[in-house]
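# A closer look at the structure
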Amino acid sequence: SLMNRLVVKHTGNWAIVPHMSDGMSFKKCITYDTERGAYIWDNLTNTVDLLYEDCVGAWVHELPTFRGNRLAAFEHQTGFNMTVRRCLGVGVLGGPGAGAFVWPEIGLNFPTPWKFEDCTGLACKGWGAFTWQNNSKDHRVPTSGRFTIINCGLGGIEHGAYSNSYDYSNTTIYNSAAESVGLRLHALSKTAFNGERFQRFTVRGGKHAIDIPHHNL
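Residues numbered from 1 in each chain as written. Predicted model: local features only at pLDDT ≥ 70, side-chain atom pairs only at ≥ 80, totals over all residues. Heavy atoms only, no water.

### So, the packing of aromatic side chains
Tallied over the full model, the rule gives 17 aromatic pairs. Between Phe-74 and Phe-101 the ring centres are 5.3 Å apart and the planes differ by 15°, which places this aromatic pair in the stacked class. With Phe-74 in strand β7 (residues 72–75) and Phe-101 in strand β10 (residues 99–103), this pair connects stretches of sequence that are 27 residues apart. Phe-74 sits in the buried class, given a relative accessible area of 1%. Considering the side-chain rings of Phe-198 and Phe-201, the 5.5 Å spacing of their centres and the 85° angle between planes classify their relative orientation as edge-to-face. For Phe-198, a relative accessible area of 28% puts it in the partly exposed group. (Phe/Tyr/Trp six-rings, centres within 6.5 Å; stacked < 30°, edge-to-face > 60°. Helix = DSSP H or I, 4+ residues; strand = E, 2+ residues; numbered from the N terminus. Buried < 20%, exposed > 50% of the residue type's maximum accessible area, 1.4 Å probe, protein only.)

Quick look at the structure:
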């Protein structure tokens, strides 16, 4: 099924929710002024063969505005063969765990790596990307092209929670907020050969390029 040039605006809840709807493609779609999330579905309700291409999630918020700790324009939920390509998350509000692109806490056996290609996070209150997972799957962000984050309030990427394997190579972060950071890294590498990788990773502006808080493990 193809949804082409779909516009969703001024909603009181999620905008595009393709859970348990296999073989869906969303191309050149835009959501604007939505509450609780834009492109999203319920935890552990798998979707197969999903494509978001050239889509925009703009002005995503929660009421009251300080809530929405995992608020996202694009939330990376569970399924198989899922792709987000040349998409833009912009103007996401919410709490400290919100961002343009969010990989939320989900069951250890379910996190399936997405194909993530040439996407941009812009002018969000929190982060360009927020990850909070513990699993051994090998995730590449991006899988091809670049990941660009521009002028998000808290910074570029907050990455946790305890241990996982993510490759953020080919990422560029532009910070303008005085207290923002490029990368806040909580998670440890899953193994010595399967862990966090940051190659061709550029941070410009902000307070710190990389912040590594004390870890409890």
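Moving on, there is more to tell.
### Description of the state of the cysteines
By definition, a disulfide links the sulfur atoms of two cysteines through a covalent bond. The final tally for this structure, using the stated rule, is zero disulfides. Lacking any disulfide linkage, Cys-29 is separated from the closest cysteine sulfur, that of Cys-55, by 4.4 Å. (Disulfide = S-S within 2.5 Å.)

### Notes on the sheet that holds strand β12 (residues 127–132)
On the basis of which strands lie adjacent, the open sheet formed by six strands has the order β7-β10-β12-β15-β18-β21 and parallel pairing. Only two strands of the sheet have a single neighbouring strand rather than two, namely β7 and β21 (208–211). If you compare each strand with its neighbour and ignore which way they point, the axes differ by 10° on average. Examined bridge by bridge, β7 and β10 share three bridges and lie parallel to one another. When the bridges of β10 are listed, Glu-75 appears paired with Val-102. (Pairing = 2+ DSSP bridges. Axes fitted to C-alpha atoms, helices over the stretch in contact; angles between N-to-C directions.)

### Points about the side chain of Glu-75
Within the secondary structure, Glu-75 sits in strand β7. Here Glu-75 sits buried without a salt bridge, and the closest side chain of opposite charge, Arg-70, lies 7.6 Å off (N-O distance). A distance of 2.8 Å separates polar atoms of two side chains, one belonging to Glu-75 and the other to Gln-77. Other than its neighbours up to four places away in sequence, Glu-75 contacts Tyr-39, Ile-40, Trp-41, Arg-70, Val-102, Pro-104 and Trp-114. (Lys, Arg positive; Asp, Glu negative; His and termini not counted. Salt bridge = Lys/Arg side-chain N within 4 Å of Asp/Glu carboxyl O. Polar contact = N/O pair within 3.5 Å; in protein donor to acceptor, adjacent residues only side chain to side chain. Contact = heavy atoms within 4.5 Å.)

### Some details on the side chain of Ser-165
Within the fold, Ser-165 resides in strand β16 (residues 163–167). Owing to a relative accessible area of 0%, Ser-165 belongs among the buried residues under this scheme. Here the side chain of Ser-165 touches Asp-138 through a polar contact of 3.2 Å, side chain to side chain. Beyond its immediate chain neighbours, meaning those up to four positions away, Ser-165 contacts Asn-135, Lys-137, Asp-138, His-139, Asn-194, Gly-195, Glu-196 and Arg-197.

### So, unusual backbone geometry
Excluding glycine, residues mostly have negative phi values, and the peptide bonds linking residues are mostly trans. Omega for the bond connecting Leu-63 with Pro-64 falls within 30 degrees of zero, at -10°, which places this linkage in the cis form. One can find Pro-64 in the loop between β6 (56–61) and β7. Cis geometry is found at the peptide bond from Val-141 to Pro-142, where omega equals 10°. Mapped onto the elements of the fold, Pro-142 is located in the loop between β13 (138–140) and β14 (144–150). Despite not being glycine, Lys-28 has its phi angle at roughly 55°, a positive value. In this fold, Lys-28 is placed in the loop between β3 (25–27) and β4 (30–35). Positive phi values are uncommon outside glycine, yet Asp-54 reaches one of about 55°.

What is shown is where atoms sit, not what they do.
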